[in-house]
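# Structural description and commentary
Spelled out from the first residue to the last, the chains are:
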Amino acid sequence: MLRPIAAISGFYDAAVGLFLLLASDQMATLFGVPPARPPIFSNLNALFLISIGVGYYFPWRDPRGGRWYLWVMGPGLKGAGAVAFLIDYFVRHSPRSFLLFAFSDGSLALATLWALVASRNTPESRSR
């Protein structure tokens with residue numbers, strides 16, 4: 001299960017990052033917020049997401065060796081991101097459309113956590 005999780009998460013992060021890099025104003029409009037000013041804020045977030053997406057190649061290629069990356073980027077970063085989006089929605093009253101990110105990041109965080117825990121006692125993970 002780790003390989004598909006890595007592929008889905010990598011594609012998700014890279015796709016959002018590319019869209020943010022190439023069409024940040026359109027993405028802001030889609031989510032009902034003003035474009036970031038200066039644009040470097042969107043550019044840096046996009047590069048961050050693309051880098052994370054590319055990083056998922058390694059656990060996809062070697063799920064055992066890449067478990068650490070899945071822990072950090074899945075339950076760690078995506079879980080914290082989902083919580084941050086929820087807090088921002090309830091405390092700062094960000095647009096309801098931001099809940100899409102809370103849902104997608106939270107779902108991927110939980111799926112990654114489940115796959116990591118479920119696979120920890122498999123013969124492949126013990127042969128290390």
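Above: the structure in question.
Residues numbered from 1 in each chain as written. Predicted model: local features only at pLDDT ≥ 70, side-chain atom pairs only at ≥ 80, totals over all residues. Heavy atoms only, no water.

### Comments concerning the pattern of salt bridges
- Counted by the stated rule, this structure contains three salt bridges.
- Among the salt bridges present, the one from D13 reaches K78, with a minimum N-O distance of 2.5 Å. Taken as a pair, D13 in helix α1 (residues 2-22) and K78 in helix α5 (residues 67-91) lie far apart in primary sequence, 65 residues in all.
- On the basis of relative accessibility, which here comes to 5%, the residue D13 falls in the buried class.
- Accessibility expressed as a relative area gives 3% for K78, which makes it buried.
- A salt bridge links R92 to D88, with the nearest nitrogen and oxygen atoms 3.0 Å apart. (Salt bridge = Lys/Arg side-chain N within 4 Å of Asp/Glu carboxyl O. Helix = DSSP H or I, 4+ residues; strand = E, 2+ residues; numbered from the N terminus. Buried < 20%, exposed > 50% of the residue type's maximum accessible area, 1.4 Å probe, protein only.)

### Side note on a nonpolar patch on the surface
- The grouping of L18, L21, L22, I40, F41, L44 and L47 at the surface amounts to a nonpolar patch, some 680 Å² of accessible area in total.
- Those elements that place two or more of their residues in the nonpolar patch are α1 and α3 (40-55).
- Ranked by residue count, the leading element in the nonpolar patch is α3, at four residues.
- Within the secondary structure layout, L18 lies in helix α1. (Patch = residues over 30% accessible without salt bridge, like charges linked within 9 Å, V, L, I, M, F, W, Y side chains within 5 Å. Areas by Shrake-Rupley, 256 points an atom, 1.4 Å probe, with all protein chains shown as cover.)

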